[in-house]
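Examining the three-dimensional arrangement
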Amino acid sequence: MAFKCETFTALNTQTLFTIMRGRVDVFIVEQMCPYPELDDNDIAPSTLHIYTVKNNTLQAYARCYEKNAKYSAIGRVLVSKEERGRGLAQQLVTEAINCCKSQWPERDIYIGAQTYLLEFYRSFGFESINAEYLEDGIAHQDMVLQLVR
């Protein structure tokens with residue numbers, strides 16, 4: 001599976017539409033969670049969009065961005081319903097971690113993980129850094145992959 005990694009301005013309109021439709025399908029429709037899905041992190045010059053598309057359908061997606069001076073971050077991680085169970089999530093998160101490491105090597109990597117995925121993210125070395133909280137009605141926990149010692 002070949003992933004692409006592009007800034008917002010490098011995305012063509014068809015790809016941008018495909019990404020946004022895929023994100024809405026998963027985060028708004030499938031998870032029944034109305035919230036402002038699009039935000040300023042999408043268009044920040046340093047944000048990188050990692051994705052794979054087949055037949056104009058988003059298969060997997062994540063974005064890597066600067067959270068603050070201490071962390072880079074991985075967010076909006078998704079694998080389409082049709083592609084789940086094939087190991088694509090592991091490939092995607094590996095790509096996202098490598099992206100953050102190369103773009104921001106001086107920063108640890110943050111993720112606001114849905115709690116049902118804590119063990120999945122722990123398998124990459126992420127550790128919980130606070131208590132569970134609700135975000136848009138879904139249980140989350142902040143996690144960090146420590147790169148800087």
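The text that follows walks through the structure, step by step, so that each part is easy to find. What you see is a predicted model; the values in this text were computed from it and never measured. (Residues numbered from 1 in each chain as written. Predicted model: local features only at pLDDT ≥ 70, side-chain atom pairs only at ≥ 80, totals over all residues. Heavy atoms only, no water.)

Brief notes about the pairing of strand β3 (residues 57–66)
Our working rule: When a residue's accessible area, from a 1.4 Å probe over protein chains only, is under 20% of the maximum for its type it is buried; when over 50% it is exposed; and in between it is partly exposed. Helix and strand labels come from DSSP, where a helix needs a run of H or I of at least four residues and a strand needs a run of E of at least two; each type is numbered from the N terminus. DSSP bridges decide pairing: two strands pair if at least two such bridges lie between them.
By the criterion of burial, β3 is predominantly enclosed, with 8 of the 10 residues buried. Here strand β2 (residues 48–54) runs beside β3; their pairing, made up of 7 bridges, is antiparallel. Residue pairing for β3: Tyr 51 is matched across the bridge by Tyr 61. Summarising the sheet, β3 and strand β4 (residues 71–79) pair through 6 bridges and their orientation is antiparallel. Pairing of Cys 64 across the sheet is with Ile 74, part of β4. Count of turn residues in the β3/β4 antiparallel hairpin: 4 residues.

Points about helix α1 (residues 13–30)
We apply this condition: Each residue after the first adds 1.5 Å to the expected span of a helix. Two axes enter the bend calculation: one fitted to the seven residues ending at the residue in question, the other to the seven starting there, and the bend is the angle between them. Any pair of N or O atoms that falls within 3.5 Å is considered a polar contact. Within protein, one atom must be able to donate a hydrogen and the other to accept it, and sequence-neighbouring residues count only if both atoms are side-chain atoms.
Taking 1.5 Å per residue, 18 residues should reach 26 Å; α1 reaches 24 Å between its end C-alpha atoms and fits that length. At Val 24, α1 shows its maximal bend, which comes to roughly 30 degrees. Listed as buried for α1 are Thr 15, Thr 18, Ile 19, Met 20, Gly 22, Arg 23, Val 26 and Phe 27. Two to three positions downstream of the cap, the backbone nitrogen of Gln 14 sits 3.1 Å from a side-chain oxygen, assigning the N-cap of α1 to Asn 12.

So, the nonpolar core
What counts is decided by this rule: Throughout this description, the term nonpolar core refers to a set of buried Ala, Val, Leu, Ile, Met, Phe, Trp, Tyr and Cys residues connected via side-chain atoms within 4.5 Å. Contacts were defined at the residue level, with two residues in contact if any of their heavy atoms lie within 4.5 Å.
One finds Cys 64, Ile 74, Ile 97, Tyr 121 and Phe 126 to be the most contacted residues of the largest nonpolar core, which totals 26 residues. Those elements giving two or more residues to this core turn out to be β2, β3, β4, α3 (88–103), β5 (108–114), α4 (118–122) and β8 (138–145). No other element matches α3, which puts 7 residues into this core. The contacts of Tyr 121, once residues within four sequence positions are left out, are Val 77, Val 93, Ile 111, Ala 113, Phe 126 and Met 143. Core analysis: the second largest hydrophobic core is formed by 12 residues, Val 26, Cys 33, Tyr 35 and Leu 58 among them.

Let's talk about the packing of aromatic side chains
Keep this limit in mind: Pairing of aromatic side chains requires ring centres within 6.5 Å, counting the rings of Phe and Tyr and the six-membered ring of Trp. Pairs whose planes differ by under 30 degrees are stacked, by over 60 edge-to-face, and all others tilted. We call a charge positioned over a ring when the NZ of a Lys or the CZ of an Arg lies within 6 Å of the ring centre and within 35 degrees of the ring normal.
Within this structure, the stated rule accounts for 4 aromatic pairs. Measuring from centroid to centroid gives 6.1 Å for Tyr 71 and Tyr 110, while their planes differ by 40 degrees, and the two rings are tilted. Of this pair, Tyr 71 sits in strand β4 while Tyr 110 is found in strand β5, placing the two residues 39 residues apart along the sequence. Considering the side-chain rings of Phe 120 and Tyr 121, the 5.1 Å spacing of their centres and the 70 degrees angle between planes classify their relative orientation as edge-to-face. When sorted by exposure, Phe 120 lands in the same class as Tyr 121, which is buried. Among the aromatic residues, those joined into a ring-pair cluster are Phe 120, Tyr 121, Phe 124 and Phe 126. In this arrangement the basic side chain of Arg 63 is found over the ring face of Tyr 65, its NZ or CZ atom lying 5.2 Å from the centre. The ring of Tyr 110 is capped by Lys 67, whose NZ or CZ atom sits 4.5 Å from the centre of that ring.

A closer look at the layout of surface pockets
Our working rule: The pocket and cavity definitions rest on a 1 Å grid over protein atoms only: a 1.4 Å probe that fits but cannot leave marks a cavity, an open set with protein on both sides within 12 Å along at least five of seven lines marks a pocket, and residues lining either have an atom within 4 Å of a point. Grid points are joined across faces, edges and corners, and a volume is the space filled by probe spheres set on the points. Basically, the charged four are Asp, Glu, Lys and Arg, the nonpolar ten are Ala, Val, Leu, Ile, Met, Phe, Trp, Tyr, Cys and Pro, and anything else, Gly included, counts as polar.
By volume, the largest pocket amounts to about 830 Å³. If you go around the largest pocket, you meet 39 residues; those closest to its centre are Phe 27, Arg 76, Val 77, Gln 114 and Tyr 121. Contributing elements (two or more residues each) for the lining of the largest pocket: α1, β3, β4, α3, β5, α4, β7 (133–135) and β8. Among the elements that take part in the lining of the largest pocket, β4 stands out by supplying 6 residues, more than any other. Computed from the structure, the second largest pocket encloses a volume of approximately 160 Å³. Lining the second largest pocket we find Thr 18, Arg 21, Gly 22, Asp 25, Val 26, Glu 30, Thr 57, Leu 58, Leu 78, Ser 80, Lys 81 and Glu 82. Listing elements by their share of the lining of the second largest pocket, those giving two or more residues are α1 and β3. By residue class, the composition of the lining of the second largest pocket is 3 nonpolar, 4 polar and 5 charged.

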